[in-house]
Amino acid sequence: MTRMSVILKSRPHGAPKPANFALVEQPMPLPAPGEVLTRTIFLSLDPYMRGRISGRASYAAPIPEGGDMTGETIGEVLASHDPAFAPGDIVVGAYGWASHVVTPGSRLTKIAPPAGVPLSAYLGVLGMPGVTAYSGMTDIGQVKPGETVVISAASGAVGSVAGQLAKRAGARVIGVAGGPEKCIFVQESLGFDGCIDHRAGNLETELDLLCPDGIDVYFENVGGALQKAVWPRLKVFGRMIMCGMVAQYNATAFEPGPNLMEVVGKRLRLQGLIVSDKPERFAEWRALAAPWVAEGSLKYREDVVTGLENAVEAFIGLLDGQNFGKLVVRVGPDHI
Ligand SMILES: NC(=O)c1ccc[n+]([C@@H]2O[C@H](COP(=O)([O-])OP(=O)(O)OC[C@H]3O[C@@H](n4cnc5c(N)ncnc54)[C@H](OP(=O)(O)O)[C@@H]3O)[C@@H](O)[C@H]2O)c1
């Protein structure tokens, strides 16, 4: 018995290329005591993976050259040496761009989606990105009714949830997304009050039109030109939820940041967020949001790529805005 997995062959300089990765066949791993063998159903592809292959020091260790790419999966338990799991259980929490993964049972969570909620939702709207949006809005954004909130990468996994939470809090919500199709989705399906196409090249004018009194809360997912345009428009006591800056993940040199003196004058609050800091938030968010997803009041969109062999190309596209919604790879069927 063998398994397929994607390994990191070499570290990219700038944008990753297919040659930086390889799909390899390996012997099937066997679970040791306390471990569980899963067959992968869905693999999540996320922007943070660019950091893991860079070799730069970060809050998480880099993937070694020759090592398996890491990524959260939804899997079916095939064999278990942990009494908490049995063959047939569906779990989230195994990591690896692989057809099969062995994981300590202590890192896995059994899931049982309510009717109408697909398994893949536990990697997106009900998974790590959804929790990121919830944590950012709860701990940092603290949005009040009537405030103006700007959400970058608004059609994506984190941004789509963050904006809908701001709407639920009574804010006026403006999204920023790449291209007219994404902007229509953000306004018409997600219910944002407006959306700016950052690829159209008139960010400042559009922000002035849609946020004439300034911005109370900015959910930062991209950095770059948008951050520069938002910064002078933040209001007194504005908040910036520093979640990520995908526009610079492939950069080989970094541009200077904003003038921090404005933090003093405007009493701004900028706070970084790492979703794993509060693991308890996952169960909290799922209990809150699963009924919203089941009833259709919390909208989301998935971009499903089929086949582990297509994961590399999809991941490269994610760093350039080619995905439309939460990017997942279907690696195997829900049931065999
Ligand atoms: N801190 C944490 O714990 C944490 C956890 C999860 C995610 N994050 C961060 O949250 C952000 C969004 O992640 P996600 O999973 O929701 O991804 P996503 O929005 O589903 O996909 C990434 C999106 O980023 C945008 N993008 C890509 N390259 C860009 C560029 N050069 N300039 C501007 N926009 C670009 C694209 O959207 P457009 O086409 O609309 O521009 C793309 O679709 C990322 O920065 C990620 O690192 C942080």
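Residues numbered from 1 in each chain as written. Predicted model: local features only at pLDDT ≥ 70, side-chain atom pairs only at ≥ 80, totals over all residues. Heavy atoms only, no water.

### Digging into the packing of aromatic side chains
Tallying each qualifying case throughout the model produces 6 aromatic pairs. Ring centres of Phe21 and Trp97 lie 6.2 Å apart, and the angle between their planes is 10 degrees; on these two criteria the pair is classed as stacked. Linking Phe21 in strand 2 (residues 21–27) with Trp97 in the loop between strand 5 (90–95) and strand 6 (100–104), this pair joins segments that are 76 residues apart in sequence. In this pair, the class of Phe21 matches that of Trp97, namely buried. Above the ring of Trp292, the side-chain terminus of Arg168 is found at 3.7 Å from the ring centroid. Positioned over the ring face of Phe324 is Arg301, at 3.5 Å from the centre of the ring. (Phe/Tyr/Trp six-rings, centres within 6.5 Å; stacked < 30°, edge-to-face > 60°. Helix = DSSP H or I, 4+ residues; strand = E, 2+ residues; numbered from the N terminus. Buried < 20%, exposed > 50% of the residue type's maximum accessible area, 1.4 Å probe, protein only. Lys NZ or Arg CZ within 6 Å of the ring centre and 35° of its normal.)

### What about the sheet that holds strand 12 (residues 234–242)?
Sheet architecture is open: 6 strands sit in the order 10-9-8-11-12-13, paired in parallel fashion. The sheet is open, and its two edges are formed by strand 10 (194–197) and strand 13 (269–272), each paired on a single side. Adjacent strand axes in the sheet meet at a mean angle of 15 degrees, parallel and antiparallel pairs treated alike. Bridge count for strand 8 (residues 148–151) against strand 11 (residues 215–220) is 3 bridges, and the pairing is parallel. For Val150, the partnering residue across the bridge sits in strand 11 and is Tyr218. Most of the contacts of helix 2 (residues 128–141) go to strand 12, to which it runs at about 145 degrees, and overall it touches strand 8, strand 11, strand 12 and strand 13. (Pairing = 2+ DSSP bridges. Axes fitted to C-alpha atoms, helices over the stretch in contact; angles between N-to-C directions. Contact = heavy atoms within 4.5 Å.)

### Overview of the pattern of salt bridges
Once the charged atoms of two side chains with opposite charge are near each other, the side chains can pair. Taken as a whole and judged by the stated rule, the model has 15 salt bridges. Close ionic contact of Glu147 with Lys144 constitutes a salt bridge, the shortest N to O distance being 3.8 Å. According to the relative accessible area criterion, Glu147 is buried, its value standing at 10%. Using a relative accessible area of 44% as the deciding quantity, one classes Lys144 as partly exposed. (Salt bridge = Lys/Arg side-chain N within 4 Å of Asp/Glu carboxyl O.)

### Remarks on the site of the ligand
Around the ligand, a shell composed of 29 residues is seen, among which Lys182, His198, Tyr249, Leu273 and Asn323 lie nearest. When residues of the shell around the ligand are traced back to their parent elements, those giving at least two are helix 2 and helix 3 (157–168). Taken together, the residues that form the shell around the ligand break down as 17 nonpolar, 9 polar and 3 charged. (Near = heavy atom within 4 Å. Nonpolar A, V, L, I, M, F, W, Y, C, P; charged D, E, K, R; others polar.)

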